[in-house]
Amino acid sequence: MSLLEEDTGRKQIAQRRRMDFILHILFVICTSIGVLALMALMVDIIMDGIMRFAPDLFTNYPSRRASQAGMKSAIVGSLYMLLIMAPLSFILGVGAAIFLEEYAKKNRLTRLIQLNISTLAGVPSIVYGILGLTLFVRGLALERSLLSGALTMTLLVLPIIIVSAQEAIRAVPKARRDASFALGATKWQTVSRSVMPSALPGVLTGVILALSRAIGETAPLVMIGGLTYVAFLPESILDSFTVMPIQIYNWISRPNEAFHELAAAGIIVLLIMLLLMNFAAILLRNKYQKNV
Amino acid sequence: MQTLIEIKKLNLFYTAFHALKNVSLEIPEKAITAFIGPSGCGKSTLLRTLNRMNDMIPGTRIEGTIAIGGTDIYSNEVDVETLRKKVGMVFQQPNPFPKSIYDNIAYGPRLHGIRSRQQLDEIVENSLKASVLWDEVKDHLKRSAFSLSGGQQQRLCIARALAVNPDILLMDEATSALDPISTLKIEELAQELKDRYTIVMVTHNMHQAARVSNQTVFFLNGEVVEYADTEKLFSNPSDQRTEDYISGRFG
C-alpha cells in the first residue's frame with residue numbers, strides 16, 4: 001500500500017481542507033465586524049470631538065455658552081467617586097468572596113446566596129439607582145451627595161467584584177492550601193499567606209474592570225440625582241456632584257450643534273480614562289505574575 | 001524499637017463509604033514504615049488521619065483512637081495546628097508555593113511566630129542541608145521555587161516540612177510524579193532522615209517499599225492484611241493475599 005495512491009482518501013482530505021478554509025474565513029469576518037464597528041465609532045467621535053479636546057475642557061466649568069463650557073467638575077466628580085468606592089467595594093467584595101469560597105459550608109444556603117449574587121450582577125443599573133434613592137438619599141438622609149452616589153455605585157459593582165474574586169480564589173490549586181495546612185497553618189494564615197497572594201492578580205483585575213464599568217454608568221446616578229450643572233468642586237463627601245457620563249448625556253441632549261462636539265470631546269476623555277484603567281489592570285497582573 | 005504511633009480499632013467513613021475497617025497498628029519510631037496496596041485500599045486515607053488532613057473533607061467520620069507518643073490526637077485538647085507541626089507531610093505532586101526558595105522554607109517557621117532574620121536563615125540552611133538540596137540552591141535562594149526541577153521541588157517540599165521541626169514525616173506517594181533518578185535521590189534521603197525522624201510512606205511501588213522501608217503494611221479494601229518486617233513480608237508472607245499481590249497476581 002503506497003501513501004500516494006489512496007485516491008478516495010485524497011479526495012476526502014481535499015474536501016475537509018476546503019471546509020477548514022471556509023470556516024477560517026468565516027471567523028475572520030466575525031472578528032472584523034466587531035473591530036470595524038468599534039473603529040467606526042472611535043473615528044466618528046474623534047472627528048467630532050478632537051477640536052474641543054483642549055485644556056479648556058479640563059479647566060472650565062459647564063456653561064450655557066458652548067464656547068466656554070468645560071467638564072472640570074464632572075472629571076473631578078468621577079475621580080472623587082472612584083476614590084470613595086474603590087476601597088469600599090474592594091473590602092466588601094473581596095471579603096465576601098473569601099467568606100463564600102473559604103469559610104462558608106457548601107450547603108443549600110450558600111448555593112442560594114451564590115445564585116442571588118450571580119443574578120444581582122445582571123440586574124439593570126437603574127434598579128440600583130432606585131435602591132440608592134430609597135436607601136441612601138432618603139433613608140439615611142444623605143441627600144443627593146457624592147457619598148450617596150458612591151455608595152450606590154458600590155452596590156452596583158459588588159456582585160461583579162464578588163463573582164470575579166471568587167473565580168480568582170477558586171483557581172488557586174488545592175495543593176497550595178494543603179501545603180499550608182500541613183505545616184500547621186490556621187485557616188486565616190492559609191488564606192492570607194498562600195491563597196490570596198496567588199489569587200491577587202485575578203482579584204485586582206476583576207476589581208479594576210468592575211470600577212471601569214462604574215465610571216461609565218449614568219442611569220443610577222441620574223436616578224439619585226447627580227446634577228447636570230455643577231459650577232463648583234465638591235468640598236466634602238456630602239456636597240452635590242456630577243460625573244462625566246451625566247455631563248456628556250446633558251450635552252448630547254441639547255439642540256445646539258456646538259454642545260455635541262463638547263459631548264464627543266467628553267467621550268474621548270472618558271474613553272482615555274477607561275483605557276488607562278484597563279492598562280493598569282494589565283500592568284498589575286503582569287507585575288504580580290512575575291513574582292509567581 | 002519503641003512504638004510512636006498507636007492506632008487502635010480505627011474505622012473511617014466517608015459519608016456512607018466504609019474506607020478503613022478496624023485498623024490496629026503500632027508504628028515504631030525512627031524507622032520507615034511503608035503502606036502498600038492497590039488503589040482505593042485505604043492506605044492514603046490512613047496516612048491522612050495521622051495529621052488530620054481528613055478533617056477537611058466534609059462527611060468524614062472516625063471511630064477508634066490514634067495516639068502519638070501516648071496522646072490521642074483526636075481528643076479535644078489537641079490543637080490540630082500543633083499536631084501538624086509535629087507531623088509533617090509531603091504530597092504526591094511537588095507543591096511549592098509561588099515564592100522564592102527561601103520563603104518556601106521560611107513559610108512554616110513564620111506561621112509559628114519566628115520572625116528573626118538570623119533564626120530564619122539558620123533554619124533555611126539546616127533544612128536544605130537535611131534534604132540534600134543546599135549545595136544546589138545555596139547561591140540563589142531568592143529565585144522562584146518553580147525554577148527548580150521536579151525532583152528538586154520535591155526535596156524542597158521535604159525541607160519545608162522539616163523546617164518546622166517535626167517528629168514524624170508522612171510521605172504520600174512522594175515519588176510517583178518523579179523520574180527514576182529523582183526517585184532514587186528521595187529514597188536515599190528518606191534513608192538518611194530515618195535516624196532523626198519517624199517516616200511513614202505510602203507507595204504504589206512495591207519495589208520501593210522493599211528497597212527503603214523497615215516495616216511494611218499491606219492493605220486491601222480498607223483492612224490491614226499483613227504487617228511485618230519488610231524483609232519477611234516480601235520473602236515469606238504469611239497471608240495468601242499478600243503473596244498474590246507482591247508476586248503481581250493482582251493490583
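Just so we're clear, the structure is a prediction, and the values are computed from it rather than from any experiment.

Rules of the game
- Residues numbered from 1 in each chain as written.
- Chains lettered and ligands numbered in written order.
- Predicted model: local features only at pLDDT ≥ 70, side-chain atom pairs only at ≥ 80, totals over all residues.
- Heavy atoms only, no water.
- Pairing = 2+ DSSP bridges.
- Helix = DSSP H or I, 4+ residues; strand = E, 2+ residues; numbered from the N terminus.
- Contact = heavy atoms within 4.5 Å.
- Axes fitted to C-alpha atoms, helices over the stretch in contact; angles between N-to-C directions.
- Core = buried A, V, L, I, M, F, W, Y, C linked by side-chain atoms within 4.5 Å.
- Buried < 20%, exposed > 50% of the residue type's maximum accessible area, 1.4 Å probe, protein only.
- Expected span 1.5 Å × (residues − 1).
- Polar contact = N/O pair within 3.5 Å; in protein donor to acceptor, adjacent residues only side chain to side chain.
- Buried area = accessible area lost by both parts, 1.4 Å probe.
- Salt bridge = Lys/Arg side-chain N within 4 Å of Asp/Glu carboxyl O.
- Nonpolar A, V, L, I, M, F, W, Y, C, P; charged D, E, K, R; others polar.
- UniProt positions renumbered as here; feature names shortened; annotations may be inferred.
- Patch = residues over 30% accessible without salt bridge, like charges linked within 9 Å, V, L, I, M, F, W, Y side chains within 5 Å.
- Areas by Shrake-Rupley, 256 points an atom, 1.4 Å probe, with all protein chains shown as cover.
- Lys, Arg positive; Asp, Glu negative; His and termini not counted.
- Charge placed at Lys NZ, Arg CZ, Asp CG, Glu CD.
- Parallel < 35°, antiparallel > 145°, perpendicular 65-115°, else oblique.
- Left-handed = near helix turned anticlockwise from the far one by under 90°.

Residues and elements named next belong to chain B. The four strands are arranged β2-β1-β4-β5 in an open sheet whose pairing can be described as antiparallel. Since the sheet does not close on itself, it has two edges, and those belong to β2 (17-28) and β5 (71-72), each with one partner. Across two bridges, the pairing between strand β4 (residues 60-68) and β5 is antiparallel. Bridged to A67 within β5 is D72. Strands β1 (3-14), β2 and β4 of the sheet are contacted by helix α1 (residues 43-50), whose axis makes an angle of about 120° with β1.

Here we take up the nonpolar core. Membership of the largest hydrophobic core comes to 62 residues, with the highest contact counts inside it found for M71(A), V203(A), L221(A) and M244(A). When contributions to this core are tallied by element, the ones reaching two or more residues are α3 (72-103), α5 (125-139), α6 (146-170), α8 (187-216), α9 (219-224), α10 (244-252) and α11 (257-291) of chain A. Judged by nonpolar contacts, the second largest core, of 32 residues, contains A182(A), L46(B), V202(B) and V217(B).

For the rest of this paragraph, the subject is helix α4 (residues 108-120) of chain A. For α4(A), which comprises 13 residues, the first-to-last C-alpha distance of 18 Å matches the rise-based estimate of 18 Å (1.5 Å per residue) to within 8%. The opening residue of α4(A), the one whose side-chain oxygen lies 3.3 Å from the backbone nitrogen of L109(A), is N107(A).

Counting residues at the interface gives 19 residues for chain A and 25 residues for chain B. Roughly 1,700 Å² of surface becomes buried between chain A and chain B when both sides are summed, with 62% attributable to carbon and sulfur atoms. On the chain A side of the contact with chain B, A182(A), L183(A) and R193(A) bury the most area, a combined 38% of that side's loss. Where chain A meets chain B, there are zero salt bridges. Taken together, chain A and chain B are joined by five residue pairs in polar contact (both at pLDDT 80 or more). Secondary structure elements with two or more residues in the side of chain A that touches chain B: α7 (174-182) and α8 of chain A. Examining the composition of the side of chain A that touches chain B, we find that seven residues originate from one element, α7(A), more than from any other. Tallied by class, residues from the side of chain A that touches chain B come to eight nonpolar, eight polar and three charged.

All names here are of chain B. Burial runs high along strand β3 (residues 32-36): five of the five residues are buried. Going residue by residue along β3, you find I32, A34 and I36 tucked away on one face and T33 and F35 tucked away on the opposite face as well. In terms of strand pairing, β3 meets strand β8 (residues 198-202) through four bridges, oriented parallel. When the bridges of β8 are listed, A34 appears paired with M201. In the sheet, β3 pairs with strand β9 (residues 215-220) via four bridges, with the strands oriented parallel. Paired with T33 across the bridge in β9 is Q215.

Let us look at the UniProt feature "transmembrane region" (unreviewed entry) in chain A. All names here are of chain A. As recorded in UniProt, the feature "transmembrane region" (unreviewed entry) lies at residues 21-43, 79-100, 112-137, 149-169, 195-215 and 262-284. Structurally, residues 112-137 comprises 85% helix and 0% strand, and the distance from its first C-alpha atom to its last is 30 Å. Secondary structure content for residues 262-284 is 100% helix and 0% strand, while the C-alpha to C-alpha distance between its ends is 33 Å.

It is worth spelling out a negative patch on the surface at this point. Residue and element names in this part refer to chain A. A surface patch of negative charge is lined by D44, D48, E257 and E261. Among the secondary structure elements, those contributing two or more residues to the negative patch are α1 (7-49) and α11. Within the fold, E257 resides in helix α11.

In the numbering used here, UniProt assigns the feature "domain: ABC transporter" (unreviewed entry) to residues 5-246 of chain B. What you have in residues 5-246 of chain B is 38% helix and 27% strand, and the ends, taken at the C-alpha atoms, are 26 Å apart.

Residues and elements named next belong to chain A. Within the secondary structure layout, I160 lies in helix α6. Its relative accessible area of 22% is what places I160 among the partly exposed residues. With sequence-adjacent residues up to four places away left out, I160 is seen in contact with A121, A210 and R213.

On to the packing of α3(A) against α8(A). Residues and elements named next belong to chain A. Where α3 meets α8, the axes come as close as 9 Å, and the angle between the chain directions of the two elements is 140°. The angle between α3 and α8 places the two elements in the oblique class. Note on packing geometry: the crossing formed by α3 with α8 is right-handed. Counting all contacts with α3, which are made through S78, L82, M85, A86, S89, F90, V94, I98, E102 and Y103, the residues of α8 involved are K187, W188, V191, V195, M196, V203, L204, V207, L211, A214 and I215. Residues that form the contact of α3 with α8 fall into these classes: 17 nonpolar, two polar and two charged.

The next thing to look at is the environment of M153(A). All names here are of chain A. Its place among the elements puts M153 in helix α6. For M153, a relative accessible area of 0% gives the class buried. Placed 108 residues apart in sequence, M153 and I45 show a C-alpha to C-alpha distance of 27 Å. Apart from residues lying up to four places away in sequence, M153 is in contact with M81, M85, A214, E217, P220 and L221.

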